[in-house]
Amino acid sequence: MIVKPWKIAFAALLALAFAACSSNSPSGGSSSASPAAKPAEPKPTDAETGRVILQRLYTTSRGWAGDTQPVSLQSQNYKHVGGNENAPLGHDGKSAVWRGLFASDARHMMKTYMWSGLTGPDAPSPGITPGNEDAFSPGNSSTQPFQLVYLKTDSDQALETAQKHGGAALLKKDATLPVNFTLNWEPRRSMLVWHVIYGESVNEPKLDAVIDASSNQFVRVEK
């Protein structure tokens, strides 16, 4: 009897189907299920010094207005900020969150920019985030811009100086005390200064050491 070719092909397909079912069955001793993917490790918090971040924010602000100049820079170091139990406290002169204020004379406006390297359930978005605009008056001494050429001392260097003028004693007494940094122009002295601020509250600090941002010399304790 002559077997037709299509019957031979059909029989071959059936054999292949049975073989596939056998290899995929639980009794076959092998499993096609891929191993469960490992959960991604949380990204570590990134903290930087003020001078590094100010340069980044300044470059970004130039996209908003080509004549921008920095007005101020502030860190944001607090216990458990952003829901992060290990949030930096500023003891190395760095911060995971910085806010910069920039002014444009041509626009008669100011604009804030925030940089965040903080991780946590309530942490700000990573990278640089632009903020709101506000009116700018060149005659207002409290928001007087400054030139970057005056910034020769970084926040970690300012911290070293502040430590010698009461800061070290405070951190020895309380190792969880936050340290924050504010950079701004001081019109009465025509000087760019760092405020190294020790305490839970920036408005009511345990110590506010003022450091010359050009020479890194101690200026005074703010009363």
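Residues numbered from 1 in each chain as written. Predicted model: local features only at pLDDT ≥ 70, side-chain atom pairs only at ≥ 80, totals over all residues. Heavy atoms only, no water.

### Side note on the confidence of the model for the chain
For step 1, the next point in the chain: Overall, the prediction assigns the chain a mean pLDDT of 87, with 81% of residues at 70 or greater.
For step 2, the next point in the chain: Within the model, pLDDT remains below 50 along residues 1-31, and this stretch shows four contacts once partners closer than five positions in the same chain are excluded. (pLDDT = per-residue confidence, 0-100. Contact = heavy atoms within 4.5 Å.)

### Considering the pattern of salt bridges
For step 1, the next point in the chain: Under the criterion given, the structure shown has six salt bridges.
For step 2, the next point in the chain: A salt bridge links Lys79 to Glu200; its shortest N-O distance comes to 3.3 Å. Of this pair, Lys79 sits in the loop between strand 2 (69-75) and strand 3 (94-95) while Glu200 is found in the loop between strand 8 (191-198) and strand 9 (207-212), placing the two residues 121 residues apart along the sequence.
For step 3, the next point in the chain: The exposure class of Glu200 is partly exposed, given its relative accessible area of 42%.
For step 4, the next point in the chain: In this structure, Arg220 engages Glu222 in a salt bridge whose closest nitrogen and oxygen atoms are separated by 2.8 Å.
For step 5, the next point in the chain: A relative accessible area of 32% means that Glu222 is categorised as partly exposed.
For step 6, the next point in the chain: A cluster of three or more residues bridged by salt bridges with shared partners is formed by Glu186, Arg188, Arg189, Arg220 and Glu222. (Salt bridge = Lys/Arg side-chain N within 4 Å of Asp/Glu carboxyl O. Helix = DSSP H or I, 4+ residues; strand = E, 2+ residues; numbered from the N terminus. Buried < 20%, exposed > 50% of the residue type's maximum accessible area, 1.4 Å probe, protein only.)

### Overview of the sheet that holds strand 6 (residues 127-135)
For step 1, the next point in the chain: A sheet is described by the order of its strands in space; here eight strands give the open sequence 6-5-4-2-7-8-9-10, paired in antiparallel fashion. Every interior strand has two partners, whereas the edge strands, strand 6 and strand 10 (218-221), have only one. Mean inter-strand twist for the sheet, computed between neighbouring axes without regard to direction, equals 20 degrees.
For step 2, the next point in the chain: For strand 5 (residues 109-116) and strand 6, the ladder comprises seven bridges, and the chain directions are antiparallel. (Pairing = 2+ DSSP bridges. Axes fitted to C-alpha atoms, helices over the stretch in contact; angles between N-to-C directions.)

### Description of the packing of aromatic side chains
For step 1, the next point in the chain: Applying the stated rule across the entire model yields four aromatic pairs.
For step 2, the next point in the chain: For the ring pair Phe102 and Tyr113, a centre distance of 6.1 Å and an interplane angle of 75 degrees mean the geometry is edge-to-face. Residue Phe102 is found in strand 4 (residues 97-104), and its partner Tyr113 is found in strand 5; the two are separated by 11 residues along the sequence.
For step 3, the next point in the chain: According to the relative accessible area criterion, Tyr113 is buried, its value standing at 4%.
For step 4, the next point in the chain: One aromatic cluster is present, built from ring pairs that chain together Trp98, Phe181 and Trp194. (Phe/Tyr/Trp six-rings, centres within 6.5 Å; stacked < 30°, edge-to-face > 60°.)

### A few points about the environment of Phe181
For step 1, the next point in the chain: Tracing the sequence through the fold places Phe181 in strand 7 (residues 179-186).
For step 2, the next point in the chain: Take Phe181: its relative accessible area is 0%, and that puts it in the buried class.
For step 3, the next point in the chain: Remark: the alpha-carbon pair of Phe181 and Tyr198, spanning 17 residues in sequence, is separated by 9.0 Å.

### Re the nonpolar core
For step 1, the next point in the chain: With 31 residues, the main nonpolar core has Leu183, Trp194, Val196 and Tyr198 as its most contacted residues.
For step 2, the next point in the chain: Sorting the residues of this core by element identifies helix 2 (50-61), strand 4, strand 5, helix 3 (155-173), strand 7, strand 8 and strand 9 as the ones contributing at least two each.
For step 3, the next point in the chain: For this core, the leading source of residues is helix 3, giving five residues.
For step 4, the next point in the chain: Counting six residues, the second-largest nonpolar core is a separate cluster that includes Val81, Ala96, Val97 and Leu118. (Core = buried A, V, L, I, M, F, W, Y, C linked by side-chain atoms within 4.5 Å.)

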